[in-house]
Amino acid sequence: QVPLVESGGGLVQAGGALRLSCATSGPIFDINTMGWYRQAPGEQRDLVAVITRSGSENYADSVKGRFTISRDNAKNTVYLQMNSLKPEDTAVYYCNAHMRPSPIVPYRDYWGQGTQVTVSS
């Protein structure tokens, strides 16, 4: 297993901002897409934003114009800048990477441990 290590969650007031980071902690042969998902209590895990190796971005409608995803390929790191946060953004945020640690294994999804984001009204 090649873990993804997340950081940057926390408690913020509505209208505030947070920046999440996620990096691989082991050697990686290749990473395809990277992204962020979130899961609120009692809800399914939903896509927030994804970014391809070449930098193409895709966002959930609920976060368009407020969140920005970016990545640093040299550091195997993906970021999520979250602005104008709303109470409904409260959830556990999970980093995802579609990658393969070595050339002898296929691409598959890897997940971080999750980081809590809480937005108070």
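Keep in mind it's a predicted model, so treat the numbers as computed, not measured.

Spatially, E1-E3-E8-E7 is the arrangement adopted by the 4 strands of the open sheet, whose pairing is antiparallel. With one partner strand each, in any of the chains shown, strand E1 (4-7) and strand E7 (67-72) form the two edges of the open sheet. Neighbouring strand axes in the sheet, compared pairwise and without regard to direction, differ in orientation by 15° on average.

Bringing the packing of aromatic side chains into the picture now. Per the stated rule, a full pass over the model turns up 1 aromatic pair. Ring centres of tyrosine 37 and tryptophan 111 lie 5.1 Å apart, and the angle between their planes is 70°; this geometry places the pair in the edge-to-face category. With tyrosine 37 in strand E4 (residues 30-39) and tryptophan 111 in strand E10 (residues 108-111), this residue pair connects regions lying 74 residues apart in the sequence. Owing to a relative accessible area of 21%, tyrosine 37 belongs among the partly exposed residues under this scheme. Assessed through its relative accessible area of 36%, tryptophan 111 is described here as partly exposed. A cation over an aromatic ring shows up here: arginine 19 above the ring of tyrosine 79, its NZ or CZ 4.1 Å from the ring centre.

Looking at the element boundaries, asparagine 96 is found in strand E9 (residues 91-100). Residue class for asparagine 96 comes out buried when judged on its relative accessible area of 4%. Those residues in contact with asparagine 96, other than ones at most four positions away along the chain, are Leu4, Thr33, Met34, Gly35, Tyr37, Asp109, Tyr110 and Trp111.

Scoring rules and cut-offs
- Residues numbered from 1 in each chain as written.
- Predicted model: local features only at pLDDT ≥ 70, side-chain atom pairs only at ≥ 80, totals over all residues.
- Heavy atoms only, no water.
- Pairing = 2+ DSSP bridges.
- Helix = DSSP H or I, 4+ residues; strand = E, 2+ residues; numbered from the N terminus.
- Axes fitted to C-alpha atoms, helices over the stretch in contact; angles between N-to-C directions.
- Phe/Tyr/Trp six-rings, centres within 6.5 Å; stacked < 30°, edge-to-face > 60°.
- Buried < 20%, exposed > 50% of the residue type's maximum accessible area, 1.4 Å probe, protein only.
- Lys NZ or Arg CZ within 6 Å of the ring centre and 35° of its normal.
- Contact = heavy atoms within 4.5 Å.

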